[in-house]
Amino acid sequence: MRPKDALRVETLTVTFRSSGHAVVRGVSFEIAAGEAFGLVGESGSGKSLTCRAILRLLPRGASAAGRVTYGARSLLELGDAEMQTLRGSTIAMIFQDPMTALNPVLRVGDAIAQVIRSHEGLGARAARTRAIEMMERVGIRDAARRAAAYPHEFSGGMRQRIHIAMALAARPTLLLADEPTTALDVIVQAEILRLLDDLRREQGMSLLLVSHDFRVVAGVCDRVAVMYAGELVELGPTRTVLQRPEHPYTIGLMNSLPEAVTGERLRAIPGVPPDPGRLPPGCAFASRCELAVDACSAAPIALSQTAPGHWSRCIRIDRLDDMRRGLAAADSACV
Amino acid sequence: MLLIAEHLTKTYAHRRGWVPAAAGRRVHDAVRPALADASLSLERGESIGIVGESGSGKSTFARCLALLERPDSGRVVLDGTDLTGLGTGPLRRSRRRIQVVFQDPYSSLNPRLTVGSTLREVLLVHRLVARDRIARRVEELLDQVGLPARAVDRYPSDFSGGQRQRICIARALAAEPEVLIADEPVSALDVSIQAQILNLLADLRTQLGLSMIFISHDLHVVRYIAPRIAVMFGGRIVEILPPGIPLESARHPYTQALLASRSRLEPGWLVGAGELNADLSASLPATGCPFRGRCPHAFEPCHEIDPPARDIGQGHAVACHYVTTASRSY
Amino acid sequence: MSAVSPVAATGPAQRRRGATASWTLRFGLTGILTVGTLATFAPLIAPYDPTALGLASGLQPPSAAHWFGTDQLGRDILTRVLYAARIDLQIGTIGVIIPLIMGVVIGLFAGYYAGWPDAILGRVIDVVTAFPFLVLVLAIVAMLGPGLRNFYIAISLVSWVAYARIVRGEALSVRGRGYILAARSLGYSDARIVFRHLLPNVIVPALVFGMSDFVLDILAGASLGFFGLGVQPPTPEWGVMIAEGRNFIITAPWVVIFPGVAIVVTSFFVSLIGDSVSDIVRRVHAP
């Protein structure tokens, strides 16, 4: 068993060289060993890039600044070779499209075995046995026979399971999951999330789950952070954030969901997310916020603690009660 | 009755190539039809939702309803005209009356045409508006979907996903359809944008008196737009929930599984979700109820007989041997 | 109606401005326009008559009187190069336009309908491309007889296949796109869908190929001229000039150099245009 470490992200900033725009701006959070942490945001929020920055898998033209430590290691400063050994063995990642990881010309059993062999140095036979075990553990029946099949012979949900098997084959202590269930059907999504949850508890792994869907994160994560236009706008224990959200954007997101409807209309957030090149010095959400005042966009706003462990980047929290009223989710989450 | 679809069936056959056929072998594998005996009726101004996951046949159903594909058997009757029997020419002219908004706003618009050109083309081809009034009508349409007038000269690549979907809706409305089929119109969009588009569709439905068929995998989203819901699985309509009935009183085991597995804004919703743990790569059984491989209540009749839809009261219909036997024993 | 913020900051005008600042395109266009102008006004600017013989003794090196020197029959090379430009530019243009139109239309319909029309086209393409281009053209011209008109016929019969193949490939992939399905659902006729929706989205690779085909056609003309199967003397044509001057490569290289440079320079400008066209279109209309 590898030592369990905590992940610390400190003022992570990701900038695209060509435009000079920062799409991740000063993001800081911590994931304790064995904790499940959720990152919620829509497209353009920077959540995926945050995830990729941790593993130094940024697209060409993007560079990361700040500090990311996993235990004693400072990830942004490691040499390429060291980072390479870390990936897969200590920190693993799964993606929305399992075909990013699954080589279409490799049989799935071989693909998983390869991961095991390169990180654990086991022989071919032992690796294959472990691969079949992993496949069974992720819920693929008749694994010994199906290990000889190719990715295209499986459905989307099964491919995602195989993807997970590959990611967890070398027993990483931290798993980064970037929208792992977005492309899946409702029932399959629930099954995959259950699987991730079970495996996480079983292996004592930390989990960073990135999603645009608050509900997905709500079901799996102990703590959650909401991102908007590259910044964290709210951070806290899942239960508290759901019961008492402390940021207008969070409330807006929750209101957008049909089950939040108590009246006749969905309360949609008006407008569209901002262009990363035209952000105001202050709160990026101000232009779409019903509580915004001039002070909101004038100067940068820092995260402030509203309750133990609960942070918000909003200066209008005293006015949030009106927005929270009628939030059906807040009522039902009061368990 | 504005639109009636009767017993639509469509099978995508897996052709084995011409050599086996020449050798006298059977050309088509025995496969489960993508759509089997699906029927639907829609009054003028009414909306109905279709819920199903991938492989349920909902997209095939939508395409057959819009006559984008010819069903193998069955009819689609619009306002008394049997569309399935029409020849190519008359069919093309009737297409305008049933319009579709597709799932992917990024590929649904011709990247080389400006928004204005796209909308004008609809008006010109169907001669809906006098030449001198075209510009004004285009502006009206843009306004109806919440886009600024200067969008006319812009290309689709200048717009976000949500905005592009609005353009697609405007294009569909330009044809002045009687029926609007929305096939997963918000699935590819961010959550906050989904709400905007859903509100737009609901408003348009009321303002224009459109009859709408709304397809999605999300039961709650469908309920918001179209109170009457048809649930599909394995190419069949397995349950019909009328407007008055709450979702929780769904009786078909699949619908119940769908409801139980829905993600919610509550921590701990995962408990009790995704119970099925079925081997999802197994294809649907060739005979009997398509759901029997994953159904906790499957018993003898399920293996042989495809259950017909039965009304169990107040317009609530279920196609399930277990349910209909149980309710009959009251 | 929910409020929608103004359209994205990078509008089409900005993008196109950035694209046409492309120096490649400017340079290429300027070059070709220069060549074209020189060719058009050849009768006005050429110092001598292109077919006038023996004005001075033959094979005079470049001098003040004859900037490019004279050929073996005493004709002024500068004059002949200018007059030849008219023929060669014509060869390049016609040799591209006719096969392009033929190939694009056939490729479009084959790609759109797929099925058996496409299968037949596929076989035709396979057969024609099995032969080297020049061999087929030569064979046809040999059968029909030398001359520019037969050259055009031969080129058209062989070249269209390349365009058809390009367009058919693109069409096969584009026909499945959402907006084509949308066009069908709007009740548009097949012709409208093919020409207004499919064509603009598949034509660019064919146009880019056309640029390099332009060059190939000039070279083909030159090759045929070399064999005496192309333009007939005394009509000047760059390839024929090189062919006729091949015996004098060592003793009077200017006879061959100047027409050769003309071919290279023209081809270069055309290829510059081709390069920048594909870049521009890709940038402006990124979906």
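The model shown is predicted, which means the values in this text are computed figures rather than measured ones.

Procedures and definitions
Residues numbered from 1 in each chain as written. Chains lettered and ligands numbered in written order. Predicted model: local features only at pLDDT ≥ 70, side-chain atom pairs only at ≥ 80, totals over all residues. Helix = DSSP H or I, 4+ residues; strand = E, 2+ residues; numbered from the N terminus. Rg over C-alpha atoms; globule rule 2.2 N^0.38 Å. Buried ≥ 20, exposed ≤ 12 C-beta atoms within 10 Å, placed from the backbone. Contact = placed C-beta atoms within 7 Å. Pairing = 2+ DSSP bridges. Nonpolar A, V, L, I, M, F, W, Y, C, P; charged D, E, K, R; others polar. Axes fitted to C-alpha atoms, helices over the stretch in contact; angles between N-to-C directions. pLDDT = per-residue confidence, 0-100. Parallel < 35°, antiparallel > 145°, perpendicular 65-115°, else oblique. Left-handed = near helix turned anticlockwise from the far one by under 90°. Expected span 1.5 Å × (residues − 1). Bend = angle between axes of the 7 residues up to and from the residue.

Asker: Just checking my understanding: could you explain the overall build of chain A for this structure?
Answerer: A count of helices and strands for chain A gives 13 helices and twelve strands. Computed over C-alpha atoms, the radius of gyration of chain A comes to 21 Å, within 12% of the 20 Å expected from 2.2 N^0.38 for 335 residues, which places it in the range of a compact globule. Classification of the 335 residues of chain A by burial places 50% in the buried group. A sequence separation of at least 24 residues applies to 65% of the contacts in chain A between residues at least 6 apart.

Asker: What's the story with the overall build of chain B in this structure? I'm lost.
Answerer: Summing up its helical and strand segments, chain B has eleven helices and twelve strands in all. Relative to the compact-globule value of 20 Å for 330 residues, chain B shows a C-alpha radius of gyration of 21 Å, a close match. Referenced to the eigenvectors of the C-alpha coordinate spread, the extents of chain B come out at roughly 65 × 60 × 35 Å. Across the 330 residues in chain B, those meeting the buried criterion constitute 50%. Contacts in chain B between residues at least 24 apart in sequence constitute 64% of all its contacts with a sequence separation of at least 6.

Asker: Which parts of the structure should I look at to understand the pairing of strand β2 (residues 22-31) of chain A?
Answerer: The two faces of a sheet get side chains in turn, since along a regular strand they alternate between them. Residue and element names in this part refer to chain A. As judged from the six bridges shared by strand β1 (residues 7-16) and β2, these two strands associate in the antiparallel manner. Pairing of L7 across the sheet is with I31, part of β2. As consecutive antiparallel partners, β1 and β2 are separated by five residues, and within that stretch G20 has a phi angle of approximately 80°, a positive value.

Asker: I keep staring at the sheet that holds strand β9 (residues 228-233) of chain B and nothing clicks. Help me out?
Answerer: Note on sheets: strands pair through backbone hydrogen bonds, and any given pair is parallel or antiparallel. All names here are of chain B. If you trace the eight strands from one edge of the open sheet to the other, you get β6-β7-β8-β3-β9-β10-β12-β11, paired in mixed fashion. Each edge of the sheet is formed by a strand with only one pairing partner; in this case those strands are β6 (98-101) and β11 (310-311). Two strands pair when backbone bridges link them, and β9 and strand β10 (residues 236-241) are joined in this way by five bridges, in the antiparallel orientation. Bridge pairing in β10 places A230 opposite I240.

Asker: Sorry, what's going on with the interface of chain B and chain C here?
Answerer: Where interface size is quoted, it is often the accessible area lost as the parts come together. If you look at the interface, chain B gives 32 residues, while chain C gives 25 residues. Of all elements in the fold, only α3 (88-94), β6, α4 (115-125) and α7 (191-208) of chain B reach the threshold of two or more residues within the side of chain B that touches chain C. A class-by-class count of the residues in the side of chain B that touches chain C yields 15 nonpolar, nine polar and eight charged.

Asker: Quick question: what am I supposed to make of the interface of chain A and chain B here?
Answerer: Between chain A and chain B, the contact holds 45 residues from the first and 34 residues from the second. Elements supplying a minimum of two residues to the side of chain A that touches chain B: α6 (156-168), α7 (186-203), α8 (214-220), α9 (238-243), α10 (248-255) and α13 (328-332) of chain A. A class-by-class count of the residues in the side of chain A that touches chain B yields 23 nonpolar, eleven polar and eleven charged.

Asker: Can you help me understand the sheet that holds strand β4 (residues 73-78) of chain B in this one?
Answerer: All names here are of chain B. Read across the open sheet, the four strands follow the order β2-β1-β4-β5; overall the sheet is antiparallel. Each edge of the open sheet is held by one strand with a lone partner, namely β2 (35-42) and β5 (81-82). Sheet contacts for helix α2 (residues 58-65): β1 (3-10), β2 and β4; angle to β1, the most-contacted strand, approximately 125°.

Asker: What is the right way to look at the confidence of the model for chain B in this model?
Answerer: Note that predicted coordinates carrying low pLDDT should not be read in detail. Residues and elements named next belong to chain B. When the pLDDT values of chain B are averaged, the result is 86; 90% of them are 70 or greater. Segment residues 18-29 is flagged for pLDDT under 50; beyond a separation of four residues in sequence, or across chains, it makes nine contacts in the model. Interface predicted TM-score (ipTM) for the complex: 0.85; the corresponding pTM is 0.85.

Asker: Would you take a moment to explain the pairing of strand β9 (residues 223-228) of chain A for this structure?
Answerer: All names here are of chain A. Counting buried residues in β9 gives six out of six residues, a clear majority hidden from the surface. Relative to β9, strand β3 (residues 36-40) runs parallel, the two being bridged by four bridges. Following the sheet pairing, F37 is matched in β9 by R223. Two strands pair when backbone bridges link them, and β9 and strand β10 (residues 231-237) are joined in this way by six bridges, in the antiparallel orientation. Paired with Y228 across the strands is E231, a residue of β10. Hairpin connection of β9 to β10: two residues between the antiparallel strands, including A229 at a positive phi of 50°.

Asker: Quick question: what am I supposed to make of the packing of helix α6 (residues 133-144) of chain C against helix α9 (residues 190-226) of chain C here?
Answerer: Helix-helix packing: each pair is described by the crossing angle between the helix axes and the interaxial distance. Residue and element names in this part refer to chain C. At a closest axis distance of 11 Å, the pairing of α6 and α9 adopts a crossing angle of 50°. Our classification of the angle between α6 and α9 gives oblique. Classified by chirality, the crossing of α9 by α6 is right-handed. Within the contact between the two elements, α6 uses L134, V137, L138 and V141 and α9 uses A220, S223 and L224.

Asker: I keep staring at unusual backbone geometry and nothing clicks. Help me out?
Answerer: With glycine set apart, most residues show a phi of negative sign, and most peptide bonds adopt trans. We note that R56 of chain A has phi near 55°; this positive angle belongs to a residue other than glycine. One non-glycine residue, L67 of chain B, lies in the positive phi region at around 55°. With respect to the element layout, L67 of chain B can be found in the loop between α2 and β4.

Asker: Hey, could you run me through the environment of D118 of chain C in this one?
Answerer: All names here are of chain C. As for its placement among the helices and strands, D118 is situated in helix α5 (residues 115-130). D118 sits in the partly exposed class, given 18 other C-beta atoms within 10 Å. Considering only alpha carbons, one finds D118 and L108, ten residues apart in sequence, at a separation of 9.7 Å. What D118 contacts, discounting residues up to four positions off in sequence, is A110, G111, Y113 and R168.

Asker: Sorry if this is basic, but what is going on with α9 of chain C here?
Answerer: The α-helix winds at 3.6 residues per turn, so residues separated by three or four positions along the chain end up facing the same way. All names here are of chain C. The terminal C-alpha atoms of α9 lie 46 Å apart, and with 37 residues this falls more than 12% below the ideal 54 Å at 1.5 Å per residue. The principal kink in α9, of about 60°, is found at L199, preceding the proline P200 by one to four residues. Just past α9, the residue G228 takes up positive phi, approximately 75°.

Asker: What am I meant to see in α10 of chain A here?
Answerer: In terms of burial, α10 of chain A is a largely internal element, eight of the eight residues being buried. Turning to α10 of chain A, its buried residues number three or more, namely P248, Y249, T250, I251, G252, L253, M254 and N255 of chain A.

Asker: How should the packing of α4 of chain B against helix α5 (residues 134-144) of chain B be read in this particular structure?
Answerer: Residue and element names in this part refer to chain B. Interhelical geometry of α4 versus α5 gives an angle of 115° and a closest axis separation of 10 Å. The crossing of α4 and α5 is right-handed. Seen from α4, the contacting residues are G116, L119, R120 and L123; seen from α5, they are I134, R137, V138 and L141. Residues of the contact of α4 with α5, tallied by class, amount to five nonpolar, one polar and two charged.

Asker: Would you mind showing me how to read the environment of P253 of chain C here?
Answerer: Residue position: P253 of chain C is located in the loop between α10 (238-244) and α11 (254-284). For the pair P253 of chain C and L59 of chain C, spaced 194 residues apart in sequence, the C-alpha separation works out to 9.4 Å.

Asker: How should the environment of P253 of chain B be read in this particular structure?
Answerer: All names here are of chain B. Considering the arrangement of structural elements, one finds P253 in helix α9 (residues 253-261). P253 sits in the buried class, given 24 other C-beta atoms within 10 Å. For the pair P253 and R292, spaced 39 residues apart in sequence, the C-alpha to C-alpha distance is 9.8 Å. Discounting chain neighbours no more than four positions away, the residues touching P253 are F291, C295, P296, H297 and C320.

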